[in-house]
Amino acid sequence: MPDAQPHLYLVDGSSYIFRAYHRLPPLTNRHGMNTGAVYGYTAMLWKLAESLSKADGPTHMAVILDKGSSSFRNEMYDQYKAHRPPAPEDLVPQLPLIRVATRAFSIPCIEEAGLEADDIIACYTGAARAAGWKVTIVSSDKDLMQLIEDDGSVDMLDTMNDRRIDRGYVVEKFGVPPQQLGDVLALMGDSVDNVPGVPGIGPKTASQLIQEHGSLEAVLAAAEGIKKPKLRQNLIEHADNARLSRELVRLVCEMTLPEPLEALELKNIPEAPLREFLEEQGWKSLLNRMVGQGSRPSGGERPAATAPRVAGPGEPETISVDRAAYLTITDAATLGEWLAEAATQGVIAIDLQGDGGHGLAEGLAGVSLALAPGKAAYVPLGHGATDLLSEGPTQLGLAEGLRLLRPCLEDDSVLKIGHNVKDQLKLLADHGIVVAPVEDVMLASFALDGGRFGHGLDELVKKHFEHECLALKAVCGTGQKAIRFGDAPLGPATEYAAENADMVWRLWQRLQHRLAAEHATRVYRLVDLPLVPVVGQMERDGVKVDRSYLAELSGTFAAETASLEERIFAAAGGPFTIGSPQQLGQVLFDRLGLKGGRKGKSGNYSTDQAELERLEADGVEVARLVLDWRLLTKLKQTYTDALQAQIDPKSGRVHTRYALAAAQTGRLSSTDPNLQNIPIRTELGAKIRNAFIAEEGFSLLSADYGQIELRLAAHIADVPQLKEAFARGDDIHTITAQELFGDAGKDSRGKAKTINFAILYGISSWGLAGRLGIPTEDAKAMIDRYFERFPGIKNYISTTLEAVRESGYSETLFGRKTHFPNIKSSIQSLRQGAERAAINAPIQGTSADIIKRAMVKMPAALAAAGLERTRMLLQVHDELVFEVPHGDEERAAAVIRDVMATAAEPVVALDVPLSVEVGWGENWGVAH
DNA sequence: GCATATGCCTA
DNA sequence: GTAGGCATATGCT
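Before going into details, it helps to say that this report is about the structure given with it. (Residues numbered from 1 in each chain as written. Chains lettered and ligands numbered in written order. Predicted model: local features only at pLDDT ≥ 70, side-chain atom pairs only at ≥ 80, totals over all residues. Heavy atoms only, no water.)

1. Looking at the state of the cysteines
- Applying the stated criterion across every chain yields a total of zero disulfides.
- Cys476 forms no disulfide, and the closest cysteine sulfur to it belongs to Cys469, at a distance of 15 Å. (Disulfide = S-S within 2.5 Å.)

Below is the structure:
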């Protein structure tokens, strides 16, 4: 009997076409008309028809469309769908074609005036279910999810993402079963359909409230007793809107079926009309698939263009973790046994626990080891007493522990696996131990899965093993009451630390094979891994900062800020918090009555730089004062004050920390403090660079690549004019201006410079127009002209995007992959953002690879030149900063320039030269 | 104490 | 339009 059960597929044609339009690349037919959305729609119908013979395939099918634009919901609420933007220009002519395409398949097409497709679908679903049929709604519309039945008799199919939507999916996404979904949707509202909902309530809160109270009416009834004041108030004030919204999202069935269920049977599809339609559209690939396949698409044959298998992180692996089985090692004999086993098998996973201090002052609380999955131990070395009365726990002690560990750590026949090895090398280097050889699962993950997810240990464990590591706060607590790891009891400390080593071991087992298989070894072995000790040493060295000079600057800034404050309050008619954009907006636009304030997401006026500069141009003095105030407080708070606080008391220097696996493109990032965003553009800000000084008897030397990203763009996109200009040493923006405008006046050169940068960032006519302050059409014309003069650029953009859509990732010249999960998103903004990032990543990423290679080569090159006392201190993306003994500057400059200029070799041969500008002096300001 | 919004510094 | 980090204010846990 189940085999004979009819299965009705209801295709939500209207919503499909909109999604297809935003998702699919433009496609034109032989009349020059854009038909991408219709093509997508046709291909989807084809696929559905193909599945006729399959187990869960359709026996009956209908396409449901919206007719007209007004429904009973508009009578209920005149704002319904009022703010929906008109359909895009090149989509409108495609809409009638949907009916033509549907007819070509000889599939019934149902539409009724005054009814939305959703309601018709609800109607047919109800009728089919009453007849004992199964129903599948082909759509991903959340409103329709209300129709899904727990017993599986009604489900949905999202053909864009090729997944079934059932009760489980709804519960996962909205926290409630389909029956309660309408209540959740009513609370959250829908900005696209202009369903009001309740302000301040989004999907999370809506779901939580319905889960808690059971229904919308129950929530409204309980509103008075809700704790959060804002939420309570909104629920009470907007209860009517909530009830209205409930009716708007309710799917109703008040019609007789225009076609009886039986008329929807999916029979053989007559060949002639379909062939005629495909020929008319010129869709050869679909036509070819008809040949030799009888009269309709069927048989479940795969489409001709099958996407290649994309390697990926793979399915998560299920593991069982028994934290109680981890060992606490407190005696030399047991530790000796573990280390002997490590020596025998030649590999061990290691994790270090700091004692909770930071910077150079951080001590070592203990070491955890793993020798096999689940076989892990913690060796406490510096744990203190948990209360004042007792002594510390029994443990080996730091000196004894390190004495025992050292041979293993330094044994070049024992591989040490870690996660974020740089921080561990630094800790051990403080004790004179140089660890080698090492592997780093964080960097392996970065090379394999960059752009897919973060590379922290906890996150990797969750992704690969669906396991939650014991949280550090479960051991040490949080906030004020947090204790240092070195003060934690050994039980929890062992569970936490040993689990980390265990997970490092398991991750390496899982990731190591992928490195070669997915061609990630070059980036991992030649760039990121060898960089670890180099960056570790830079962090340990730190950079000297002139505290008294910074204090002096702070004082000056403070005084000027105070005087500005007075003048601002006088002009504003009273004191307020200048640093609060909310209050500033109220003062400017409400109290002072200035016009024009644009409001942002939370309903506050925008008061950003652009807005204030607009006011300033209108002669509003407060605007100028606030801009000055912002500059000064920014400099003081973020730089002069913060920098003084970051000076390490032991070394008298500032030790930034570089993150090796944070930036999607492969760049480093700098924190605590960030030394990659020290001011330089404004005269006042640039003074801060003078605070970075050299040690007595040394100079600070800065070496930076000139226009490296444009050079790489010229190479990668293969633009002869630009490559030749770089080879000659010409001014690149002048050359561009000549090409584009035929002249190179100041104005033209400026525009050319802007376009050159826009190219690197993934150009859009809208964005360029904003930058240059010109109409979008003019910007579009400039871009077209650019593409015409430099066809390589246009070709680079299209081939890069095609490749990313195909494979899911982009690649640098060194083979570094960056994944773009959103490149096929149905959400336009996400997709376009991914496209811009994908255009930029190979260029920015190659630049990052090159300077990393220079850093890796630098210590040996300096040593070979007898410049052992020259130290590399900072990296700022295209710049390296060194401390050089007086008298060695010229020689160091020559070595550094050479290493940087040839850093890509021999891995990559560039056909543009890399220029390196070098300067030195008593501080960073004069060196740069 | 934590998360979000806004704003601003760098390459 | 790319890639980052971090400050304050604000509202809530």
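That shown, we press on.
2. Considerations on the environment of Glu224
- Assignment of secondary structure puts Glu224 in the loop between α9 (216–221) and α10 (229–237).
- Assessed through its relative accessible area of 60%, Glu224 is described here as exposed.
- Expressed as a C-alpha distance, the spacing of Glu224 and Ile236, which sit twelve residues apart in the sequence, is 7.4 Å.
- If sequence neighbours within four positions are ignored, Glu224 has contacts with Arg232 and Ile236. (Helix = DSSP H or I, 4+ residues; strand = E, 2+ residues; numbered from the N terminus. Buried < 20%, exposed > 50% of the residue type's maximum accessible area, 1.4 Å probe, protein only. Contact = heavy atoms within 4.5 Å.)

3. Regarding the packing of aromatic side chains
- This structure, assessed with the given rule, holds nine aromatic pairs.
- Their ring planes at 70° and their centres at 4.8 Å tell us that Tyr786 and Phe790 sit as a pair that is edge-to-face.
- Taking relative accessible area as the criterion, Tyr786 reaches 1% and is therefore assigned buried.
- For Phe790, a relative accessible area of 0% puts it in the buried group.
- Ring pairs connect the aromatic residues Tyr39, Phe277 and Trp283, which therefore count as one cluster. (Phe/Tyr/Trp six-rings, centres within 6.5 Å; stacked < 30°, edge-to-face > 60°.)

4. Quick notes on the protein's contact with DNA strand B
- Taken together, 25 residues lie near DNA strand B, and Thr607, Lys634, Ile680, Arg681 and Asp878 sit nearest.
- Of all DNA strand B atoms lying within 4 Å of any protein atom, the proportion belonging to sugar or phosphate reaches 80%.
- Here Arg667 contributes a side-chain N or O atom positioned 3.2 Å from a base nitrogen of DNA strand B.
- A distance of 3.0 Å is found between a base oxygen of DNA strand B and a side-chain nitrogen or oxygen belonging to Asn677.
- If one sorts the elements of the surface near DNA strand B by residue count, helix α25 (residues 621–645) sits on top with four residues.
- Its residues assigned to classes, the surface near DNA strand B comprises seven nonpolar, ten polar and eight charged. (Near = heavy atom within 4 Å. Polar contact = N/O pair within 3.5 Å; in protein donor to acceptor, adjacent residues only side chain to side chain. Nonpolar A, V, L, I, M, F, W, Y, C, P; charged D, E, K, R; others polar.)

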